Amino acid sequence: MMMNRHILTCGILLAWGLMLPCMPAANAKQVTISRQVLMDKIRGGWAGQTIGCAYGGPTEFCYRGVMIPDETKIEYPEHHLQYFYDRAPGLYDDIYMDLTFLNVLHRLGLDAPVDSIAHAYAYAPYPLWHANQAGRYNIQHGIMPPASGHWLNNPHADCIDYQIEADYAGLISPGMPNAASAISDRVGHIMNYGDGWYGGVYVGAMYALAFVENDIETIVTKGLKAIPRKSKFYRCVSDVITWYREDPDDWKRTWQRYNDKWGDDAGCPELVLEAGNIDATMNSAYVVIGLLYGHGDFGRTIDIATRCGQDSDCNPSTAAGILATMTGYSHIPEEWMGNVREVEDRNFAYTDISLNKAYQMTIDLALKQIERCGGHVDSEIVSISIQKPKAVRLEQGFPDMHPVLLDKDIDHLGTPEASVNTFTFEGRGVSVYGNVETADRDYRAQLEVTVDGKTMRTMDLPARHHDRTADCLYWNYQLPNGRHTVSFRLINPQDGVSIKARKIIYYP
């Protein structure tokens, strides 16, 4: 299996044609704005996403597959942002992941090597989940991007991760969605692929367009041109836009139509076949529902994106950031701003970057990007060479794969008296969701996996949360279709260690 994985890695690298960062079109339209307005929009983008994240934070994944009812009041009290800085800084993973990428680009330049970006996040001290954590695990085990985000190596490849941290790509590419997509091509494949990557490409394109457009429906619609029409992601979001145009007042009806048609997920070992859904397609749809049905009203946009449920802090964060980039920091309603001002000089957890520092770093990079892409910068005015969004390449993970829950639990893989466990299924792929349980954080389980009598690999399963596999004990999506027997043998059992397989998914 390791040989096959190495071949996969090389194959992706050979096929991975990076988009050119900027190719100014002949006779490209030029838009001129002041540096003051540019900075106001950049500040709006960062402040908006921070507000949205805190507003939806208390409901994150509390409402899975259901809307948050109107009678459930969502609070935005005094010191709300500061509360999460002090008590739950991991809520701002949307922001500190953005800042990781921004910081590397600011230090090393717009052409910073992707390996440097990958290393910065893989070895950062902050906690990660889903595709981000699986990408971190891959990088720490020598599987570098883009292979680290590929669906054959990363069971969470379609998850929301790059979508929630792609804001920076658009904010440093004002009016230049293709430049934002080029950055996302490099960075987004560190942890995602296919629909998971498209979520970030779409977000970056919308942010870029928000600098030069003044209508949300235009931003949402034009931004989608960055996504291949044949992709599932495009079809999902296009449906939301169509349903909005049919009924621009009833967001709940559009929410229901979306869930009825597109509510299923294929990957994500933790949430597949569950009410929870962290797939980028669904959560991007909720961002778009918030943006469209918010009709440009900041509070309503955030509230609707939150009440769609699921990842209900990340979705209002993205929606608020895009809207506030369009309107500018100075036009965010005052009732939202007191909480922002009291934290603007505070560094986000795990970073030495505050909002005020992020504003300056972003405009530094944006001015360089503007010049690189055919624009002009002087002391007070910038001229931007506007780009029409172009679709990135088509890629789809989990093609025609439909998950089925195996009606069998494998528990306590790590106990000495049960060091070998076996299950059988019929299909062409499998994933096993589970984790190592022990008080010894330095313990690393070595779990030998055999399929049909052949040792496929030995899974290195760190007990430490920072280094874990994103809670997937084993996955393989390339088996010949048929009946397979999977066996686990713990090579290094230890008293007090338990490895639990909480869910087995197979793909007929």
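Reading the values: the criteria
Residues numbered from 1 in each chain as written. Predicted model: local features only at pLDDT ≥ 70, side-chain atom pairs only at ≥ 80, totals over all residues. Heavy atoms only, no water. Helix = DSSP H or I, 4+ residues; strand = E, 2+ residues; numbered from the N terminus. Rg over C-alpha atoms; globule rule 2.2 N^0.38 Å. Buried < 20%, exposed > 50% of the residue type's maximum accessible area, 1.4 Å probe, protein only. Contact = heavy atoms within 4.5 Å. Areas by Shrake-Rupley, 256 points an atom, 1.4 Å probe, with all protein chains shown as cover. Lys, Arg positive; Asp, Glu negative; His and termini not counted. Charge placed at Lys NZ, Arg CZ, Asp CG, Glu CD. Phe/Tyr/Trp six-rings, centres within 6.5 Å; stacked < 30°, edge-to-face > 60°. Lys NZ or Arg CZ within 6 Å of the ring centre and 35° of its normal. Pairing = 2+ DSSP bridges. Axes fitted to C-alpha atoms, helices over the stretch in contact; angles between N-to-C directions. Salt bridge = Lys/Arg side-chain N within 4 Å of Asp/Glu carboxyl O.

## Here's the deal with the overall build of the protein chain
And step 1. In terms of regular secondary structure, the protein chain is built from 18 helices and eleven strands.
And step 2. Here the C-alpha radius of gyration of the protein chain, 23 Å, is about what a compact globule of 508 residues would show, namely 23 Å.
And step 3. With the C-alpha coordinates of the protein chain rotated into their principal frame, the extents come out at 70 × 50 × 45 Å.
And step 4. With 508 residues in all, the protein chain has 63% of them scored as buried.
And step 5. Taking as baseline every contact in the protein chain between residues at least 6 positions apart, the subset at least 24 positions apart corresponds to 78%.
And step 6. Accessible area of the protein chain: about 18900 Å², with a carbon and sulfur share of 50%.
And step 7. Counting 45 positive and 62 negative side-chain charges, the protein chain places the centres of these two groups 5 Å from one another.

## Considerations on the packing of aromatic side chains
And step 1. Throughout the structure, instances matching the rule amount to 25 aromatic pairs.
And step 2. With a centroid separation of 5.2 Å and 90° between ring planes, the pair formed by Y83 and F84 is classed as edge-to-face.
And step 3. By relative accessible area, which is 42% here, Y83 ends up partly exposed.
And step 4. Overall, the relative accessible area of 8% leaves F84 in the buried class.
And step 5. Each member of the aromatic cluster is reached from another via a ring pair, and the members are Y55, Y76, F298 and W336.
And step 6. Taking NZ or CZ as reference, R43 lies 3.8 Å from the ring centre of Y329, over its face.

## Details of the sheet that holds strand β3 (residues 381-385)
And step 1. Strand order in the open sheet made by the three strands is β1-β3-β2, with antiparallel pairing throughout. Unpaired on one side and paired on the other, β1 (30-34) and β2 (376-377) mark the two borders of the sheet.
And step 2. Judged from the two bridges that link them, β2 and β3 form a sheet pairing that is antiparallel. Directly across from V377, in β3, lies its bridge partner V382.
And step 3. Sitting on the sheet, helix α2 (residues 35-56) touches β1, β2 and β3, and the angle it makes with β1 is about 85°.

## Focus on the pattern of salt bridges
And step 1. A full pass over the atoms with the stated rule returns 20 salt bridges.
And step 2. Of the charged contacts in the structure, one is a salt bridge between D185 and R393, with a shortest N-O distance of 3.0 Å. Linking D185 in helix α9 (residues 177-187) with R393 in the loop between β3 and β4 (404-405), this pair joins segments that are 208 residues apart in sequence.
And step 3. On the basis of relative accessible area, R393 is assigned to the partly exposed category, the value being 28%.
And step 4. The salt bridge partner of E246 is R257, with a shortest N-O separation of 3.1 Å. Placement of E246 in helix α12 (residues 232-246) and of R257 in helix α13 (residues 251-262) is noted, with a sequence separation of eleven residues between them.
And step 5. Three or more residues joined by partner-sharing salt bridges are found here, namely D185, R393 and E395.

## A look at the pairing of strand β7 (residues 444-451)
And step 1. Of all eight residues in β7, six are buried; the element is thus mostly enclosed.
And step 2. For β7 and strand β8 (residues 454-462), the ladder comprises eight bridges, and the chain directions are antiparallel. In the sheet register, E448 faces β8, and the bridge partner there is T458.
And step 3. Between β7 and β8, which pair antiparallel and follow one another directly, the connecting turn spans two residues, one of which, D452, has a positive phi of 55°.
And step 4. Across five bridges, the pairing between β7 and strand β10 (residues 482-490) is antiparallel.

## Here's the deal with the side chain of H80
And step 1. Tracing the sequence through the fold places H80 in helix α3 (residues 80-87).
And step 2. Residue class for H80 comes out buried when judged on its relative accessible area of 7%.
And step 3. Setting aside residues up to four positions removed in sequence, H80 forms contacts with A54, Y55, P58, E75 and N339.

## Quick notes on the pairing of strand β11 (residues 498-507)
And step 1. Most of β11 sits inside the fold, with nine of its ten residues counted as buried.
And step 2. Relative to β11, strand β6 (residues 429-437) runs antiparallel, the two being bridged by nine bridges. Following the sheet pairing, V432 is matched in β11 by I504.

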